[in-house]
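Summary of structural features
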Amino acid sequence: MYLSQLYLKNFRNYTEEHLKFNKNINLLIGSNAQGKTNILESIYLIGTGGSHRTNIDSELINWQKDGLYLKGELIKDNQDYQLELSLLGRNKEIKINSNRLSRINDLIGYLNIVIFSPEDLSLVKGSPNLRRKFIDLEISQISPYYRHLISKYGKVLKQRNNLLKEIRDNKAPKEMLSVWDQQLIDLGSKIIKKRLESLIKLGILSKLMQRKITNGLEALELKYDTELDLDNNSSEDEIKESFKLKLKEKKEREIYQGATTLGPHRDDISLIVNNIDIRKFGSQGQQRTAALALKLAELEFMKGEIGEYPILLLDDVFSELDISRRSYLLDTIRDKIQTFITSTDLKHLDGLKGNHKIFEIKNGSAIEV
Ligand SMILES: Nc1ncnc2c1ncn2[C@@H]1O[C@H](COP(=O)(O)OP(=O)(O)OP(=O)(O)O)[C@@H](O)[C@H]1O
């Protein structure tokens, strides 16, 4: 799949821009704060319905205007799709081939995107939240059902936490917990099961990537890290059983803390290289290589699930990678994955060969050079 063109109106610092993209590599070159990431963000927005860097939609609208409009042309399986997104105040509307979608979720599955930004370089050493976000985003893009589960789980979690505080403050009886417990267990177990299934596939792929990047020196293993008694192959019923048991054990403590301390919102993924947990004990180089391996595995994972490579957005990561990792990355994407690369300097892209287009980004305008 690839995005052949994009029209932006009143998006961030762009007032009006029409871009025709290369099927392979598109370089967005410019100084800081000119609007390079804004282009990536607009692609992400039209693909997923949301931004990768803010939850506040109004931030995306040009400061001088009341609304924004994006139109993209997607070529997929030799078919043409016109994607449109408009945001007027808080009112978001998405159309595919002129048909308005009743739910934003219905956008999923058209334009799939993998984004790799400097934040992802901290995927391994950063907080568990980053790794949860990584796996959740990945599954959400191929499964609207998973996205629905995550959103429902978040609501149940909030309600349960409120109730725990009320019980602690003697404003509600303990018996009320059981309703929320059941929902937490049901939704949470489904989420964990989906994560385990994806992790098995992702584990095989990232192991392969890590081995290739390190010339066979490092074998990466992914393991689901949770307080529940389970392994990568546990069934949904086994997860439920363990969840129920542990939740019971923790009940008094959770009331005291006024917070739910067990469940997918607390879980993590451990990354083991040659028997060492590199989240804590890996060298910076090892951690970066593993982050790259995970991202490349994500591309292959999506290809496996949807039959086509997604679009890849590389936000300012080239300058952060050394020459060998850079050239490995370029070799991987060459001629098969449409990629958008932002950089302040073309010199980081020395190894680039083949088909590409360069856009010079300056103060909210993009000029093809
Ligand atoms: N809603 C908005 N309306 C108008 N301008 C905006 C809006 N939001 C951000 N900007 C402007 O967009 C610019 C930032 O663009 P962007 O994040 O794409 O930078 P960049 O070119 O990727 O820079 P860097 O290399 O530093 O990451 C800033 O000048 C900022 O003031």
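Residues numbered from 1 in each chain as written. Predicted model: local features only at pLDDT ≥ 70, side-chain atom pairs only at ≥ 80, totals over all residues. Heavy atoms only, no water.

This paragraph deals with the domain arrangement of the protein. Per the domain assignment, the segments of the protein are domain 1 (1-112 + 308-369) and domain 2 (126-306). Taken over C-alpha atoms, the centre of domain 1 sits 29 Å from the centre of domain 2. The interface is formed by 20 residues belonging to domain 1 together with 20 residues belonging to domain 2. Between domain 1 and domain 2 the total buried area reaches about 1900 Å² when both faces are included, carbon and sulfur atoms providing 60% of it. It is Ile108, Arg325 and Tyr328 in domain 1 that bury the most area against domain 2; as a group they hold 32% of the surface buried on that side. Taken together, the links from domain 1 to domain 2 amount to zero salt bridges. Here domain 1 is connected to domain 2 by six residue pairs in polar contact (both at pLDDT 80 or more). Elements represented by at least two residues in the side of domain 1 that touches domain 2 include exactly helix 1 (36-48) and helix 9 (323-333). Here the side of domain 1 that touches domain 2 gets four residues from one element, more than from any other, and that element is helix 9. Taken together, the residues of the side of domain 1 that touches domain 2 sort by class into eleven nonpolar, five polar and four charged. (Domains from an automatic or database assignment. Contact = heavy atoms within 4.5 Å. Buried area = accessible area lost by both parts, 1.4 Å probe. Salt bridge = Lys/Arg side-chain N within 4 Å of Asp/Glu carboxyl O. Polar contact = N/O pair within 3.5 Å; in protein donor to acceptor, adjacent residues only side chain to side chain. Helix = DSSP H or I, 4+ residues; strand = E, 2+ residues; numbered from the N terminus. Nonpolar A, V, L, I, M, F, W, Y, C, P; charged D, E, K, R; others polar.)

Turning our attention to a negative patch on the surface. Residues Asp231, Asp237, Glu238 and Glu241 make up a contiguous surface patch of negative charge. Along the chain, Glu241 turns up in helix 6 (residues 236-257). (Patch = residues over 30% accessible without salt bridge, like charges linked within 9 Å, V, L, I, M, F, W, Y side chains within 5 Å. Areas by Shrake-Rupley, 256 points an atom, 1.4 Å probe, with all protein chains shown as cover. Lys, Arg positive; Asp, Glu negative; His and termini not counted. Charge placed at Lys NZ, Arg CZ, Asp CG, Glu CD.)

The UniProt entry lists Gly30, Ser31, Asn32, Ala33, Gln34, Gly35, Lys36 and Thr37 under the feature "binding site: ATP" (unreviewed entry), expressed in the numbering used here. Restricting the annotated residues just mentioned to those that line the largest pocket leaves Thr37. Its place among the elements puts Ala33 in the loop between strand 3 (25-29) and helix 1. Taking the relative accessible area as the measure of exposure, Ala33 reaches 77% and is therefore exposed. Take Gly35: it is sitting in the loop between strand 3 and helix 1. Setting aside anything within four residues of it in sequence, one finds Gly35 in contact with Asn13, Tyr14 and Ile361. (UniProt positions renumbered as here; feature names shortened; annotations may be inferred. 1 Å grid on protein atoms, 1.4 Å probe; cavity = no way out; pocket = protein on both sides within 12 Å on 5 of 7 lines; lining within 4 Å. Buried < 20%, exposed > 50% of the residue type's maximum accessible area, 1.4 Å probe, protein only.)

The strand order across the open sheet formed by six strands is 2-1-4-5-6-7, and the pairing between neighbours is antiparallel. The open sheet terminates on both sides in strands that have one partner only, identified here as strand 2 (14-20) and strand 7 (99-100). In terms of strand pairing, strand 4 (residues 67-76) meets strand 5 (residues 79-88) through ten bridges, oriented antiparallel. Its bridge partner being in strand 5, Leu74 is matched across the sheet by Tyr81. Taken strand by strand, helix 1 contacts strand 1 (2-11), strand 2, strand 4 and strand 5, and its axis lies near 110° from that of strand 1. (Pairing = 2+ DSSP bridges. Axes fitted to C-alpha atoms, helices over the stretch in contact; angles between N-to-C directions.)

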